[in-house]
Amino acid sequence: MKTLKLGYLPLCKGSWVNDRLGKELKDSLAALKSLGHEVVDCGKLIISDTDADEACALFEKANIDVLVVHHLAFPLGAITPSLARRLGVPVILWSTPEQPYRTPAYRLEANSFCASNMTANHLWRVNHPFAFVYGNIDQAMAEMKEELKVFASIKQLKGFRVGSVGGRVPGFFTSTFNEMLLREKFGVEVENITMLELVDTARALKGKDLPEARKDVLDNAKQGDITDEELNLAVELYAAFCQLRKKYRIDAWAVRCWPEFSDLYGIGVCHLLGCLTGHECATACEGDVYGAIAMTLGENFSASKTFFADLVIFDEKENSGIFWHCGAAPTCLCRPGFEPCIRKHPVIDGGGKKGVAVEFPLKPGKVTICRLGENRDGGFRLMMFSGEAVETEQCLRSNPLKVMFKGKVRDLINKIVYNGFEHHYVVSYGDIAHHLREFARIMNIELLEF
């Protein structure tokens, strides 16, 4: 995920200056720097419009990504709106708690939250992206860290390149995408790559020693019923993906994985897509470009690889559902106690005829499921819901994961179906609901949370 350049703007109106601000400013700046992003410090408390103009010039020269406005005390009200407009970057409003009130009456020392409240109104009215964090330094830094993940992901998408190999699979209108909308809203670019170029690149590697590609393809998995020839074909095709990734500067893949691949090249590609996902390049099958972007968001927010899957079974009595796909999960998500096995594909030519797909049930844990798509008005929308993945047996060939839901599963299913959502889901481990909400809010995307 991208690191950010943060402009730190500590504010206080002259009439609110007091003795405690010097230490608080020093401690706050040190805490902000500890988060791992580059911090551009204007070097002093910003009290006047002149101070603000000097800080703005510094931030413009440094080309900051985010303006962190720290309300150490109540400021001049026009400073943040002016700098937000001039710099054109998102803003994080940071407020600190007031000292505990007491009697007899005493003078407010900071009025920090009121300052953020006032400024948020202005930013909201002009539709300028912003976030808000609050608390003592430890609490504020915990909130700041999570907000910065969202802003870093938004920055990452500007110029993000998805390699679309072969387009979408036939009949899957759920994998269609609007290329110009992607560019306009997120800054994402799509590079269209033909299957012919990928296959020709792989065939040119035939017989070559490809130790790194072989290591990634085996990737802690045992060789099951696939032949040595199928394994070699898989290694060569994976190496071809890696070559084209460098050639076209690809950040994520969306691959038309059927019906042609097994006839063109002799094997299915499912396990290779999981290998790509497991090695720094989220990869969605069946040509789903929006799926690849959602996988990347899930990785950023959860710090874990994601599972791109269908919801294939639900049980109303047990209040559960099974997410599954046909052998493209990254092996790092394998349930403890199981060893991933590279096998012949469970579906191609009726199943059991050609490799390669990986087989294992996925690990348990809290999960957040999301889907990025389009609404009827021609904009983007984001759906999300959560559950608890439980220990799953190898109940289906390839990659099953059983998830328990809190609400009635039939109610969830009806909401998905009647809202017309696509049938591909991104399963992320952990609770990333806050990040997804913030992403949707900041990017002004319709959010449906079930």
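Numbering of residues starts from 1 in each chain and follows the order in which that chain's sequence is written. Local features in this predicted model are restricted to residues of pLDDT 70 or higher, and side-chain atom pairs are both shown and tallied only at a pLDDT of 80 or more, whereas totals for entire chains, interfaces and linings draw on every residue. To obtain the side-chain values, all non-hydrogen atoms of the structure were included, while hydrogens and water were left out.

Draft legend 1. Layout of the overall build of the protein chain. Note on conventions: DSSP H or I runs of at least 4 residues are helices, E runs of at least 2 residues are strands, and numbering of each starts at the N terminus. A count of helical and extended segments in the protein chain gives 14 helices and 19 strands. Projected onto the principal axes, the alpha-carbon positions of the protein chain cover approximately 80 × 50 × 45 Å. A total of 450 residues make up the protein chain; the buried ones form 56% of that total. Residue-level accessible areas treat just the shown protein chains as cover; the underlying method is Shrake-Rupley with a 1.4 Å probe. As presented, the protein chain carries roughly 19,600 Å² of accessible surface, and 51% of it is formed by carbon and sulfur atoms. Measuring between centres, the 53 positive side-chain charges of the protein chain sit 1 Å from its 57 negative side-chain charges. Remark: exposure states derive from per-residue accessible area (1.4 Å probe, protein chains only) relative to the maximum for the residue type, with buried under 20%, exposed over 50%, and partly exposed in between. The charge count includes Lys and Arg as positive and Asp and Glu as negative, but it does not include His or the ends of the chains. Charged side chains are reduced to one point each, which is NZ for Lys, CZ for Arg, CG for Asp and CD for Glu.

Draft legend 2. Representation of the side chain of S116 within the structure. For S116, the position within the fold is in helix α4 (residues 112-125). By the criterion applied in these results, polar contacts are pairs of N or O atoms within 3.5 Å in which, for protein atoms, one can donate a hydrogen and the other can accept it, and in which residues neighboring in sequence qualify only through two side-chain atoms. In this structure the side chain of S116 is engaged in a polar contact, spanning 2.9 Å, whose partner is the side chain of H71.

Draft legend 3. Geometry of the packing of aromatic side chains. Here is the rule: rings of Phe, Tyr and Trp (six-membered ring for Trp) pair when centre to centre is within 6.5 Å. Planes less than 30 degrees apart are stacked, more than 60 are edge-to-face, and the remainder are tilted. Within the structure shown, the criterion is met by 13 aromatic pairs. Site record: aromatic cluster; members linked through ring pairs are F177, F186, Y290, F380 and F439. When the ring centre of Y429 is taken as reference, the NZ or CZ atom of K363 above it lies at 4.9 Å. Above the ring of F130, the side-chain terminus of R441 is found at 5.5 Å from the ring centroid. Charge-over-ring placement is defined geometrically: NZ (Lys) or CZ (Arg) within 6 Å of the ring centre, and within 35 degrees of the ring normal.

Draft legend 4. Focus on unusual backbone geometry. P259 follows W258 through a cis peptide bond whose omega is 5°. The topology assignment puts P259 in the loop between β9 (252-255) and α10 (261-265). The backbone of N127 sits at a positive phi, close to 60°, despite the residue not being glycine. With respect to the secondary-structure elements, N127 resides in the loop between α4 and β5 (130-134).

Draft legend 5. Structural view of the sheet that holds strand β14 (residues 355-359). With mixed pairing, three strands are arranged side by side in an open sheet as β8-β13-β14. Edge positions in the open sheet fall to β8 (222-223) and β14, since each of these has one partner strand only. A pair of strands is treated as paired once DSSP finds two or more bridges between them. Alignment of strand β13 (residues 341-344) against β14, held across four bridges, turns out to be antiparallel. Bridge assignment links R343 to a residue of β14, and that residue is A357. Contacts are assigned to residue pairs that have any heavy atoms within 4.5 Å of one another. Axis definition: a line fitted to C-alpha atoms, over the contacting stretch in the case of helices. Angles run 0 to 180 degrees between N-to-C directions. Against the sheet, helix α9 (residues 228-248) touches β8, β13 and β14, its axis set at about 85° to β14. Here helix α11 (residues 270-278) sits on the sheet in contact with β13 and β14, set at roughly 55° to β14.

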